[in-house]
Every structure is written in C-alpha cells, then in structure tokens.
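Secondary and tertiary structure notes
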Amino acid sequence: MRSPTHTGPFADAAPPPTRRAARLWARARRALPFALAIALVAFVLGRLDLDAFRAALSRVDAPLFGAFAALFILALLAADTFATVLVYRRLIAPVAFRDFFVLRGASYLPSLLNHHVGQAFITVFLARAHGAPLARVAGATLVVYASWLGCLLLLGAVAVPANGGPLAGSALLLAAGVLYLAVLALRPARLARTKLLAPLFEAGVRGHLVALAARVPHLLVLFAGTWLPFWFFGVHIPLGAALTYIPILMVAVTLPLTPQGFGTRDVLAAALLEGFAAGVTREERLAAIAATTTTWAVALTLVEAALGLALLRGVLPHMEAKDPTAAPPAGAAPTGAQREPA
C-alpha cells in the first residue's frame, strides 16, 4: 500500500485532479460553440417540412449564388482591409494595403474556428514581420475591435427603437460609447502607461472616430451580404424593413456564440422574416428562410476556407521571407517598436 503522500517515481504518472479538470473544462469550453451551433441548426431543421426545404433548395440558381458569395467575400475583404490597415499604419508600421489584404484573407482559415483566433493570427504575424512588441500590436488590434464595436453600438441604437423598443435602450447603448470616449479623453495615467492599452490612448478620440468612419464601407458590405441572399430564395425584404431587421441579424451573428453564426442566424431569421417569404403555407415560408440561412453559411465557409488556404499556402510564405529589420521607406511613419508613447 502506498501512502497518499508518496513522492516516488510514479507520483506524477497522472496529472493532479485540478489540472485534469482544468483541461477538461478548457476542451468543453472550446467545443461549446460547435455543440450550440449543431443544436440550433438541428432545432430549426427539425421543425421543417423537409420536402418544402428540398424544393426551396432546388429553386435557387446555384452557380449565380456561388458567384455572389465569392464576390461578397472579396468585397468584404477589401472593405475590412481598408478600415483595418489605417489603424495598423497609424500605430505599428507602414503596412501596404496589398500585404494586409493577403494577410487578412489568409486569416479566414483560422477564423473558421473562431473569429478571435483569426485576429490573434494577424496580431502575431504583424509583430514578427515588423519587429514590434506583441503587446503593442495587440493594443492596435484592440483599436480595430473598438471601431467595429462602435459600429455595432450605432446599429443597435437604430435597431432598438425601429423594432418598437424603448428609446432608453438606444440611449444606454450610445452612453456606453460616449463613456468609452470620455475615458480616452481623460487618459488615466495608470491605463495610458500600460503597454497593451497605450495604443488606444495614442489613437485618442479623434483616431477612434476616424477608424469608425473608415469602418462604414465594411458595415455596408456586410449589410448587403446579410440582406441580398434571401432574394435568391424568394424572401423579398423591402429596404425599409431590411433597415429594421437586418441589423439585428448582423449583431447576433457577430456575437461569439457559434462559429460563422451557424444556428443563431437560422433561429433569428425564422422569427423575424417569415412574413416576407413566398409560400402559401407556414411550412413553405420557413423552409425558404432556412434554405437561405443554411446555404449562405455553408457557401461563406467554403469560399473563406478556399481563399484562406490559397493565400496561406501560396502567397503568405513570400511575405514571411521579407526582412523584418529592413528600414522603412523615407517619410514613412515609425514602427510601433520605435515610436515613443504619446
């Protein structure tokens, strides 16, 4: 019999219970979004008339739908690059539009697991390529996040009263944005000196507003890519109604609940858009909406995976081969590693 306090050579054969439990919890947390997506999609499909669902799928022009998905992804990538590269140029290094276009496209592959994984991929690559401290580049990435969250706050502030919600809800959302800008303007010394948060304060109120304005084309492309796919399946949403309901879908899909918005998009679309779908029966209308959301999610996943893989394997290695210590061109802004905090 061994004592519970035995410290012999076999004492570490199994990990401590607390460590094992932590690993199990981490794995469960990573798997939870996928399990939730599967459950939500199964819930939606389980309520459908499968014959009506297959009929809705058969009516779509598949080549045209696929071409639209590819065009949307390229337009979204260009708009995202335009908005994001301005932030990194201001805070890190003179990143070329073409180089970041390639990098952002390559990040679509890890983003299939989780959006934040793709952002981490970009952050680490830029830190290595430009010799900038990882904490500083991560701080610049936070500015990118802030510009997108600002767009979501504005969308929510418009969508809440448009759907009969109280104006107090819009005021609360706008107040959150104003409070954030106030903190930037006050520049608390303890926060402003933090390596991770310093880029937020260097950008300041003006820099955040510029980043927000540059993010608007990205927002418009995403709006079109959320709205127009429904028309392929006979779900005709007028522009006025789209301005009311589509922002709700956009906000919900961007929440880190399920990968690529699988499930959340389907459940919300069925609840909000049934009245705009063609079909005599409720089963036919729900089938048209489910055909749109599931097909669009699959199409986006396939296009993003193909584009990400092509850029990751074909072009990105040549970018990595560049000398990260090369001096920037004359007149270029200093890198994040060289710039002194403001």
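Residues numbered from 1 in each chain as written. Predicted model: local features only at pLDDT ≥ 70, side-chain atom pairs only at ≥ 80, totals over all residues. Heavy atoms only, no water.

Thoughts on the packing of helix α8 (residues 167-186) against helix α10 (residues 198-227)
Using the following cut-off: In this analysis, axes come from line fits to C-alpha atoms, helices being fitted only over the stretch in contact, and the angle between any two N-to-C directions falls in the range 0 to 180 degrees. Each helix corresponds to a stretch of at least 4 residues labelled H or I by DSSP, and each strand to a stretch of at least 2 residues labelled E; elements are numbered beginning at the N terminus. What sets the label is the angle itself: under 35 degrees gives roughly parallel, over 145 gives roughly antiparallel, 65 to 115 gives roughly perpendicular, and the rest give oblique. Crossing handedness is defined as follows: a turn of the near helix away from the far one that is anticlockwise and smaller than a right angle gives a left-handed crossing, while the clockwise case is right-handed. What makes two residues a contact is simply this: any of their non-hydrogen atoms within 4.5 Å.
Packing of α8 against α10 brings their axes to within 8 Å, and their N-to-C directions diverge by 130°. In terms of orientation, α8 lies oblique with respect to α10. Between α8 and α10 lies a crossing whose hand is left-handed. Note on element contacts: α10 touches α8 through Leu-200, Phe-201, Gly-204, Val-205, His-208 and Leu-209, opposite Tyr-180, Leu-181, Val-183, Leu-184 and Ala-185.

Some thoughts on the pattern of salt bridges
Our working definition: In the sections that follow, a salt bridge refers to a side-chain nitrogen of Lys or Arg positioned within 4 Å of a carboxyl oxygen of Asp or Glu. Burial classification: accessible surface area is computed with a 1.4 Å probe over protein chains only, and a residue below 20% of its type maximum counts as buried, one above 50% as exposed, and the rest as partly exposed.
Applying the stated criterion across every chain, the model contains seven salt bridges. One salt bridge connects Arg-215 with Asp-80, and the closest N-O pair in it is separated by 2.7 Å. Of this pair, Arg-215 sits in helix α10 while Asp-80 sits in helix α3 (residues 62-91), and the two are 135 residues apart along the sequence. Judged by relative accessible area, Asp-80 falls into the buried class, the value being 6%. Taking the shortest distance from any N to any O, the salt bridge between Arg-282 and Glu-274 comes out at 3.3 Å. Since its relative accessible area comes to 42%, Arg-282 is described here as partly exposed. Residues joined in a network through salt bridges with shared partners are Asp-80, Arg-104 and Arg-215.

Some points on the confidence of the model for the protein chain
Our working rule: The pLDDT score gives, residue by residue, the confidence of the prediction method on a 0 to 100 scale.
Mean pLDDT for the protein chain: 81, with 78% of residues reaching 70 or above. Confidence scores differ between elements of the protein chain, with helix α14 (residues 316-320) showing the lowest mean pLDDT of 63 and α3 the highest of 95. Per-residue pLDDT stays below 50 along residues 1-5; that stretch engages in one contact with residues further than four places along the chain or on separate chains.

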